[in-house]
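# Reading the structure
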Amino acid sequence: EEAGQFALAYATCLSHDLSDLKEKLEERLEGHLPNIEAGLLEGAKLMLPPQPLLKEDNWPLLTVTKGFFDGASFAAGDATVEEETAGKSGAFGMSAEEIVGAEDAQGGWGDDEDMDIPGISGGGDDDMDNIPGIGGDDDEDGDGGWEMEDLELPPDTDGDVGRGSTDVSFVAPSPGIPVSQRWGQKCGLAGQQAAAGAFDSCMRLLNRQLGIVQFLPLIPYMQELALGSHTMLPGLPGLPALSNPLGASWTAEDHPAPPAAPALLHSMASLEDTLKKAYKLTTEGKFADALRSFTSIMYMIPLVVVDTRKEVDDVKELLAIAREYCNALRIEIKRKEEKDDPKRQAELAAYFTHCSLQPIHLSLSLRSAMSIFFKLKNFDTAATFCRRLLELNPPPKVAQQARQVLSACEKSPGEAMQLMYDARNPFVTCAQTFTPIYRGTKDAECPCCGSHFVEKEKGNICPVCSMGKIGMDASGLTCSPCQLRDR
């Protein structure tokens, strides 16, 4: 009824024969009574909350051991005095009530006023001052006796100073610094910062070292590092799991101290495995899948951490390999999209052969370019591809085909179509426009992956790595503690 569910409240009244409330609800419903079938409420029972197992007010409390200086030892001061007094009276002594009652004893003890003591009249308390040695006045000898004088105490003095406070609350110890926070304070590499969960510091380092301004591709890899640096131990039902940090290069003989550096999910071994898979995909002609594999290598390299200088050189070499293959595969994918433009297809096929690839893949690209240019009747350029192919010592069958094409080109030299390609002039291919940038021409470079672009692309996001800003100044890749010690 309080929630406004009058129909439900009316059905409840019918179930439990609450006639008073039933009439009240009928007025509220104004004739719109719910249609309750006969027999629907048969066997209905009132739902009550379960009875508690413990009915007394005895909730378990935290047991706190009180120290000597907690003040609790003074709380029992009065009780201790009473116990000591009772102990002195002995088993046959008087009780405290009997001692108090003895002050008003009369009867057989007689009254004080019946005593005929010289100098005392009526036994009043005021006359006690006349007894020598008793009272507030000094004796004739000038001796003040006990000298019980009134003390002038400040008005804010508490009368319960001697009593300790019994309300001693438990003060929980302050929490320590999490290990992940220590990693973020002590570690100076981007991968270690990501493993510590300090994504903001990680991104600042990558922006300064590699000129990365687009971090969206790196987010999954940073999250993997943060999750992979801890193990989760399940606790009791209803309680959160326990998080345990994992140290780098941990062994069972290590001292049980917080790890100085986090364990990283990505390493040179995992990068090499990804590289082998990417090579295999390239050989099989699955260029789209191979491109994704090489791109993932470029995403993992900024977050990898190595130990030695040789490994630093290996990481940089791996980055160069991934860059060259990404550019080559993007050129080949672009060539297949230009189906209606044979001239553009031939140019892209020629550019493909100038990427730094493995001999097997370079051989395949030269065979493709040789066939395309021979069909276009650009025999001079096709002959250059044949000679380059023979220099790689291909299999006998491939070598025989290259010699046959070379012989045919030498018999009828010439160029049937003018192309934007000069094999004798060294160049690099722009990764955005897929046009040659010949030696001596001013260009721009991506600080993250090292791809080259024409000058007008400066300031844009690199399409190869999708992270770096073209033409931005950066200090370079830092992936080892030995590089930090040299600075």
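Below, the structure is looked at part by part. From a predicted model like this one, the values you see are computed outputs, not experimental measurements. For every chain, the first residue of its written sequence is number 1, and the numbers climb from 1 along that sequence. Totals for whole chains, interfaces and linings use all residues, but because this is a predicted model, local features are given only for residues with pLDDT of at least 70 and pairs of side-chain atoms are given and counted only at 80 or more. The side-chain values count all of the structure's non-hydrogen atoms but skip hydrogen atoms and water molecules.

For the rest of this paragraph, the subject is the overall build of the chain. Put simply, DSSP marks the helices as runs of H or I at least four residues long and the strands as runs of E at least two long, and each gets a number from the N terminus on. Broken down by element type, the chain carries 16 helices and 6 strands. Put simply, the chain has 487 residues, and 30% of those count as buried. Taking all contacts inside the chain whose residues are at least 6 apart in sequence as the whole, residues at least 24 apart take part in 57%. All accessibility values rest on the Shrake-Rupley procedure with a 1.4 Å probe; residue burial counts only the protein chains present in the view. Accessible area for the chain stands at about 32800 Å²; split by element, carbon and sulfur atoms hold 54% of it. Type-normalised accessible area, obtained with a 1.4 Å probe on protein chains alone, sets the label of each residue: buried when under 20%, exposed when over 50%, and partly exposed for intermediate values. The criterion used for residue contact is that any of the two residues' heavy atoms lie within 4.5 Å.

Within the secondary structure, leucine 216 is located in the loop between helix H7 (199-210) and helix H8 (219-228). With relative accessibility at 58%, the residue leucine 216 sits in the exposed group.

Of the two site types, the cavity is a set of points on a 1 Å grid over the protein atoms alone where a 1.4 Å probe fits but cannot get out, and the pocket is an open set with protein on both sides within 12 Å along at least five of seven lines, each lined by residues with an atom within 4 Å of a point. Grid points are joined across faces, edges and corners, and a volume is the space filled by probe spheres set on the points. All chains considered together, the criterion is met by 1 cavity of 30 Å³ or more. The space that makes up the largest cavity amounts to roughly 30 Å³. If you trace the largest cavity, you find it lined by Leu210, Met298, Ile301, Pro302, Leu319, Cys448 and Leu477. Residues are grouped as follows: nonpolar covers Ala, Val, Leu, Ile, Met, Phe, Trp, Tyr, Cys and Pro; charged covers Asp, Glu, Lys and Arg; every other residue, Gly included, is treated as polar. Taken together, the residues of the lining of the largest cavity break down into 7 nonpolar, no polar and no charged.

This brings us to H8. Along H8, the residues that are buried comprise Tyr221, Met222, Leu225 and Ala226. The arc that holds every buried residue of H8, seen down its axis, measures 140°, which confines them to one face. By arc we mean the arc of the directions from the helix axis to the C-beta atoms, nothing more.

This paragraph deals with the side chain of glutamate 324. Inspection of the secondary structure puts glutamate 324 in helix H11 (residues 309-337). Pairing of N or O atoms within 3.5 Å defines a polar contact, subject to two protein rules: one partner must be a possible hydrogen donor and the other a possible acceptor, and residues neighboring in sequence count only if both atoms are side-chain atoms. Engagement of the side chain of glutamate 324 in a polar contact is seen with the backbone nitrogen of serine 356, the distance being 3.2 Å. For glutamate 324, the residues in contact, after removing those within four places along its chain, are Cys355, Ser356 and Leu357.

The end-to-end C-alpha distance of helix H10 (residues 287-300), which contains 14 residues, comes to 20 Å, matching closely the 20 Å that a straight helix rising 1.5 Å per residue would cover. Counting buried positions along H10 yields 11 of 14 residues, so the element is predominantly enclosed. Buried residues of H10: Phe287, Ala290, Leu291, Ser293, Phe294, Thr295, Ser296, Ile297, Met298, Tyr299 and Met300, and no others. Take the residue count of a helix, subtract one, and multiply by 1.5 Å to get its expected span.

Attention shifts here to the nonpolar core. Generally speaking, soluble globular proteins have nonpolar side chains that are buried together. For our purposes a nonpolar core is just a set of buried Ala, Val, Leu, Ile, Met, Phe, Trp, Tyr and Cys residues, chained together by side-chain atoms within 4.5 Å. Core analysis: the biggest nonpolar cluster contains 89 residues, and Leu206, Leu218, Phe294 and Leu303 have the highest contact counts within it. Residues contacting leucine 218, with those up to four places away along its chain left out, are Leu206, Ile212, Tyr299, Leu303 and Met467. Core analysis: the next-biggest nonpolar cluster, separate from the first, contains 5 residues, Ala9, Tyr10, Cys13 and Leu25 among them.

Turning next to the pattern of salt bridges. In what follows, salt bridge is the name for a side-chain nitrogen of Lys or Arg lying within 4 Å of a carboxyl oxygen of Asp or Glu. On inspection of all chains with the given rule, the structure shows 10 salt bridges. Here aspartate 200 ties to arginine 204 by a salt bridge, and the two come within 2.7 Å at their closest N and O atoms. Of this pair, aspartate 200 and arginine 204 are both found in helix H7, 4 residues apart, which corresponds to roughly one turn of the helix. Judged by its relative accessible area of 48%, aspartate 200 falls in the partly exposed class. In this structure, lysine 310 engages aspartate 314 in a salt bridge whose closest nitrogen and oxygen atoms are separated by 3.4 Å. Of the two residues, lysine 310 and aspartate 314 both sit in helix H11, 4 residues apart, roughly one turn of that helix. Overall, lysine 310 belongs to the exposed group, its relative accessible area being 60%. Its relative accessible area of 24% is what places aspartate 314 among the partly exposed residues.

Distances and angles like these do not, on their own, reveal function.
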